[in-house]
Amino acid sequence: MSKSARNDWNPNAYSKFRSLRVRPALDLLQSVPSVGGGKLVDLGCGNGVIGPALKERFVGHDLIGVDASPAMLDAARSSGCYSDLVEADISSWSGDAPLGLIFSNAALHWLPDHEVLLPKLVKQLGKGGTLAVQLPHQNNAPSHRVWRSLMDELFADRFDENDVPSALKPAQYHGLLAGMGQLSLWETEYYQVLEGEAGSHPVRRFTEATYARPFLQALDADEKAEIIARYEAVMEKAYPRDTNGRVLFPFRRLFFTLTA
Ligand SMILES: C[S@@+](CC[C@H](N)C(=O)[O-])C[C@H]1O[C@@H](n2cnc3c(N)ncnc32)[C@H](O)[C@@H]1O
């Protein structure tokens, strides 16, 4: 599969749990203490779900969206919130002037080398500008760990380690960023109720369009069926259904804001 096909996302599959995925983005937005005078950037803007709320909170500022997925950018365009939408890899993108806000919800865990990436982003902030980031911090939970261990067991040579989302430990982000500005760092665990659906486990449906994307993209139909069957067998025990088929799915997310 080509790099550009690997980078493209499916906006419909991603939107399936829209209200659960948008809540942390709104919580992050509420936590932005202030912005500087330059443009605002929605880094890894996806389908632009948070664009309207960003525009509403920071009236009068230009909002740019940056993402590597053409399909997600097309969906973001229809929101009408962005003055510019740029197809670029976050690791190589930079603004043409100091920025007032770099807002990144559920995107930076797709990039490696946060020790290099984050200081580079902070340097792009103008005076009083803020970097605001939310990352899933779920890799040790069964929902994520089991995908990873099944891939290692069944198809270890079929994915690139750099394509697997990951995050540093909170203390590592603190060590990296605390000297660079006013830092606030916290975690929230969201207790998400996932509705039952015939023929699949809800946690598989929640994770297949995001964390499990790089794994499933690397497999043919028979291989996918095999790993999904084994994954769901474990999920039935790790996240049991209630009498209505619903599942209570705890999902941990890490947040930080840094104002220069
Ligand atoms: C889980 S979605 C989040 C989208 C949006 N921020 C939201 O809150 O709904 C992750 C997005 O990050 C983008 N992305 C992942 N890696 C990227 C990279 N290296 N450069 C640019 N965008 C990237 C994907 O294309 C996808 O749209």
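Residues numbered from 1 in each chain as written. Predicted model: local features only at pLDDT ≥ 70, side-chain atom pairs only at ≥ 80, totals over all residues. Heavy atoms only, no water.

It is worth spelling out the packing of aromatic side chains at this point. Counting across every chain of the model gives 10 aromatic pairs. Ring geometry for Tyr173 and Phe256: centres 5.1 Å apart, planes at 35 degrees, overall tilted. Residue Tyr173 is found in helix H8 (residues 170–177), and its partner Phe256 is found in strand S7 (residues 247–259); the two are separated by 83 residues along the sequence. Take Tyr173: its relative accessible area is 0%, and that puts it in the buried class. (Phe/Tyr/Trp six-rings, centres within 6.5 Å; stacked < 30°, edge-to-face > 60°. Helix = DSSP H or I, 4+ residues; strand = E, 2+ residues; numbered from the N terminus. Buried < 20%, exposed > 50% of the residue type's maximum accessible area, 1.4 Å probe, protein only.)

This paragraph deals with the sheet that holds strand S5 (residues 125–136). With mixed pairing, the 7 strands of this open sheet are ordered in space as S3-S2-S1-S4-S5-S7-S6. Here the strands that pair on one side only, and so sit at the sheet edges, are strand S3 (84–87) and strand S6 (182–194). On average, each strand axis in the sheet is inclined to that of its neighbour by 15 degrees, with strand direction left out of account. Sheet topology places S5 next to S7; 7 bridges connect them, and they run antiparallel. Bridging from a neighbouring strand, Leu135 pairs with Leu254 of S7. The sheet strands contacting helix H5 (residues 70–77) are strand S2 (63–67) and S3, and the helix crosses S3 at an angle near 175 degrees. (Pairing = 2+ DSSP bridges. Axes fitted to C-alpha atoms, helices over the stretch in contact; angles between N-to-C directions. Contact = heavy atoms within 4.5 Å.)

One broad trend across soluble globular proteins is that nonpolar side chains are buried collectively. Core analysis: the biggest nonpolar cluster contains 27 residues, and Leu43, Leu108, Leu118, Leu121, Leu131 and Phe256 have the highest contact counts within it. Broken down by secondary-structure element, the contributors of at least two residues to this core are strand S1 (40–43), S2, strand S4 (99–105), helix H6 (114–123), S5, H8 and S7. Core analysis: the second largest hydrophobic core is formed by 25 residues, Met151, Val164, Ile228 and Val247 among them. (Core = buried A, V, L, I, M, F, W, Y, C linked by side-chain atoms within 4.5 Å.)

Turning our eyes to something else, we now look at the environment of Glu236. Within the secondary structure, Glu236 sits in helix H11 (residues 221–238). Measuring from C-alpha to C-alpha, the distance between Glu236 and Ser200 comes to 10.0 Å, with 36 residues separating the pair along the chain. Not counting the four nearest positions on each side in its chain, Glu236 is found in contact with His201 and Arg241.

The α-helix advances 3.6 residues per turn, and as a result positions three or four apart in sequence lie on the same side. Between its first and last C-alpha atoms helix H3 (residues 18–30) spans 18 Å; for 13 residues at 1.5 Å apiece the expected length is 18 Å, and the two agree. Residues of H3 that are buried: Arg21, Val22, Pro24, Ala25, Leu28 and Leu29. Across the axial projection of H3, the buried residues extend over an arc of 155 degrees, all falling on one side. Exposed side of H3, more than 90 degrees from the buried face: Ser19 and Gln30 are the residues found there. (Expected span 1.5 Å × (residues − 1). Arc of directions from axis to C-beta.)

Before going further, it helps to spend a moment on H11. For H11, which comprises 18 residues, the first-to-last C-alpha distance of 25 Å matches the rise-based estimate of 26 Å (1.5 Å per residue) to within 8%. The inward-facing, buried residues of H11 abut helix H7 (142–155), helix H9 (202–208) and helix H10 (213–217).

Within a regular strand, the side chains alternate between the two sheet faces. Burial of S5 is extensive: 10 of the 12 residues sit out of reach of the surface. Strand direction decides the pairing type here: S4 and S5, joined by 6 bridges, are parallel. Across the sheet, residue Ile102 finds its bridge partner in S5, namely Leu131. For the crossover from S4 across H6 to S5, the handedness is right-handed. (Right-handed = clockwise from strand over helix to strand, strands pointing away.)

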